[in-house]
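Letter by letter, the chains look like this.
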Amino acid sequence: MRHSLTLKRAVLAIVLFGVSFGYVEAAVVVYLRELSQPLAKRLNPGRPPENLFPILPPAALKESPPLWKTLKIEIGREAATMVMLAAVALSVGQSGTEFLASFVMAFGVWDIAFYGFLKVFIGWPASLLTWDLLFLLPVPWAGPVLAPVIVSVSMIAAGFLVLRRAGGDRPAHLNRLHWLVVLLGGALIVLSFTWNFRTLLAGGVPQHFNWTLFALGEALGMGAFLHAFVAQGS
């Protein structure tokens, strides 16, 4: 960023977009939940009532063309979400580094706002340990709400620190080793979220989250980032 005013405008734009987008996403989930609950109870009567997202058995989906169509639309919506976050980052960032920092920051704000508005709208999640179906591509992702919130806080902090230094005398820069460790950490976090995908595809609800794998990924990713950031600032 060229100066403090530009940084403030960029951060304000990212936060406003993330919070507004979080509201829209939460509203969509509320609508989908209300529309799908009767069918979900009939096809999957053993589903715990606190689960926000009914996980329907694949056999039930295959027998209903409208449900398959809805699932495809939902997958498309998730892909469009990433495009929208990338678009606002592209409009704010003035370089590749700033674009990436803006994207992860927008993602983090959106994700936390999403959970916050759901809590206001319908009182969900009951706690930070409530399970959530996070993503559908390329396989279902799931985990306690606390896990994606931790990731989102890390993304907001990292993105803000990079934007704050951008355009200054010592802009944030990660070398190849740093990037390798960050990507490895990210891969471990994704693996922890997809650890139970077979259970999800079978129409079940996972009971155990691999916190060890998640914590290792978070430590590697943030550790490498902070090492690069602090080393260049000294």
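Above: the structure in question.
Since we're looking at a predicted model, the values are computed, not measured.

**With respect to the overall build of the protein**
Phase 1: Check the secondary structure of the protein and you find eight helices and two strands.
Phase 2: Going from the N terminus to the C terminus, the protein shows its helices and strands as α-α-α-α-β-β-α-α-α-α.
Phase 3: Looking at the protein as a whole, 43% of its 234 residues are labelled buried.
Phase 4: Long-range contacts, defined as pairs at least 24 residues apart, comprise 68% of the intrachain contacts of the protein with a sequence gap of at least 6.
Phase 5: Taken as a whole, the protein presents about 12,600 Å² of accessible surface, with 70% of it coming from carbon and sulfur.

**Some points on the environment of glycine 223**
Phase 1: Here glycine 223 is to be found in helix H8 (residues 211-233).
Phase 2: For glycine 223, a relative accessible area of 35% gives the class partly exposed.
Phase 3: Sequence-wise, glycine 223 and valine 181 are 42 residues apart; in three dimensions their C-alpha atoms are separated by 8.7 Å.

**Structural notes on the packing of aromatic side chains**
Phase 1: Under the counting rule described, the total for this entry stands at 18 aromatic pairs.
Phase 2: When the centroid spacing of 5.0 Å and the interplanar angle of 80° are considered together, the rings of phenylalanine 107 and tryptophan 110 count as edge-to-face. Residue phenylalanine 107 and its partner tryptophan 110 are both found in helix H4 (residues 96-122); the two are separated by three residues, about one turn of the helix.
Phase 3: Residue class for phenylalanine 107 comes out partly exposed when judged on its relative accessible area of 21%.
Phase 4: An aromatic cluster is built from Trp131, Phe135, Trp141, Phe193, Phe209, Trp211 and Phe214, whose rings are joined through pairwise contacts.

**Concerning the pairing of strand E1 (residues 131-135)**
Regular strands have side chains that alternate between both faces of the sheet.
Phase 1: The pairing of E1 with strand E2 (residues 141-144) spans four bridges and is antiparallel. Bridge pairing links aspartate 132 to glycine 143 in E2.
Phase 2: Here E1 hands over to E2 after five residues, the two strands then running antiparallel side by side.

About the criteria used
Residues numbered from 1 in each chain as written. Predicted model: local features only at pLDDT ≥ 70, side-chain atom pairs only at ≥ 80, totals over all residues. Heavy atoms only, no water. Helix = DSSP H or I, 4+ residues; strand = E, 2+ residues; numbered from the N terminus. Buried < 20%, exposed > 50% of the residue type's maximum accessible area, 1.4 Å probe, protein only. Contact = heavy atoms within 4.5 Å. Areas by Shrake-Rupley, 256 points an atom, 1.4 Å probe, with all protein chains shown as cover. Phe/Tyr/Trp six-rings, centres within 6.5 Å; stacked < 30°, edge-to-face > 60°. Pairing = 2+ DSSP bridges.

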